[in-house]
Every structure is written in C-alpha cells, then in structure tokens.
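Structural features, examined
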Amino acid sequence: MFKTELEIIHTRQWRLLVEVAFKVLGCRFLAEDVVQEAFLKLWMSHDVQDIQCPICYLFRMVRNQAIDRLRRLILESRYHVDEEQLGEQAATTPSPERATLGQYEWAALLNALDELPERARTAFAMTQLEGYSQREVAAQLGASPTTVHYMIRDALGHCRDRLRIND
C-alpha cells in the first residue's frame, strides 16, 4: 500500500519537490537528481510503514539531501584542480641533485648552529624550527624578549655568513 501511495506522491508532487531542491541548489538538473534519489531511498527503505505523513517526510528528505549535496559541491569546489593545471604544477619530490644539495645545506646549517653558544642555539631552534614565539622562548630561558630577539638576530647572521662561506 505504501508503494502505491509513493507512486501517487511522485506523480502529483514531483514539480514541487524539484522546486524545493532547486531553491537550495540553484540548478534544475541537480534538483531533479536529489528528488529522484530521495524517492529511490524511500522506495528501498524497509521501515516505511512507521511514517505518519509520507509527503511531509519526503519534502524533509529532499530539503536535507539538497543541503547535503550543496555542502559537498562547495567542499569539492574548494579543492578542485583542473586537469590542465596538473601538468603545469611542479613536481612535489625534489630531483636527486636537489635532494643532495639540500642535505649538504642542512649539514652546513647544523655545523653553523653548533658553533653558537647554547642559549643562542636553543633560542634559534625554538623560534625558527619549532615555531615558538620570542616571548615563549624568553620565558623558557629566563631572559627578556629583547635579549632573545638579539640572540636570534645574531644566530641568523652567523648562519647566513657560514652558509655563504660554504658556497
């Protein structure tokens, strides 16, 4: 009996249901898809005998599915990349030459850091490598933020000079 009632609702209320979905989605084709999916989902459901008002239930289903579809479309558009752009993007992995050069530069940076006083090395590592603020480092080291600023400035200058020498 419910299936017959659903067929009647489908025939009589199709346009109105599509209009409800269209107001959410702004696209008639997507709205028709949402309505069709809602009817199919309700048709395939096994516990439909408990539904008091099938037409109200269907309108609510259509509206909810249209909102879900809109959310999914917004999310997909946020992360969408055209296939044409994929060929233009740089490779995410470095070439072997670049990787080797990066290892040498990293080793030279570590050597330059080893030449610094321990407090300056700690201040540099905490701010530049670990992401702490200068105030947080100052509190950790028991120094003023101005002192930490000068330690980092001197450490950066020292590392810059040492890396230029190695070039």
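1. Observations regarding the overall build of the chain
The number of helices and strands found in the chain is 8 helices and 0 strands. Across the 167 residues of the chain, 25% fall into the buried class.

2. Observations regarding the environment of Trp 43
Locating Trp 43 in the fold gives a position in helix H2 (residues 28-44). Sequence separation between Trp 43 and Glu 7 is 36 residues, and the spatial gap between their C-alpha atoms is 9.3 Å.

3. Some details on the nonpolar core
Ala 21, Val 35, Phe 39, Leu 58 and Val 62 are the most contacted members of the largest nonpolar core, which has 17 residues in total. Counting only elements with at least two residues in this core, the list comes to helix H1 (2-25), H2 and helix H3 (54-78). Beyond its immediate chain neighbours, meaning those up to four positions away, Val 62 contacts Leu 17, Val 20, Ala 21, Val 34, Val 35 and Ala 38.

4. Quick notes on the confidence of the model for the chain
Interpretation of the predicted coordinates at a detailed level should be avoided for regions scoring low in pLDDT. Per-residue confidence for the chain averages 83 on the pLDDT scale, and 86% of its residues sit at or above 70. Between the elements of the chain, mean pLDDT differs from a low of 60, seen in helix H4 (residues 83-86), to a high of 92, seen in helix H7 (residues 134-141).

Rules behind the numbers
Residues numbered from 1 in each chain as written. Predicted model: local features only at pLDDT ≥ 70, side-chain atom pairs only at ≥ 80, totals over all residues. Heavy atoms only, no water. Helix = DSSP H or I, 4+ residues; strand = E, 2+ residues; numbered from the N terminus. Buried < 20%, exposed > 50% of the residue type's maximum accessible area, 1.4 Å probe, protein only. Core = buried A, V, L, I, M, F, W, Y, C linked by side-chain atoms within 4.5 Å. Contact = heavy atoms within 4.5 Å. pLDDT = per-residue confidence, 0-100.

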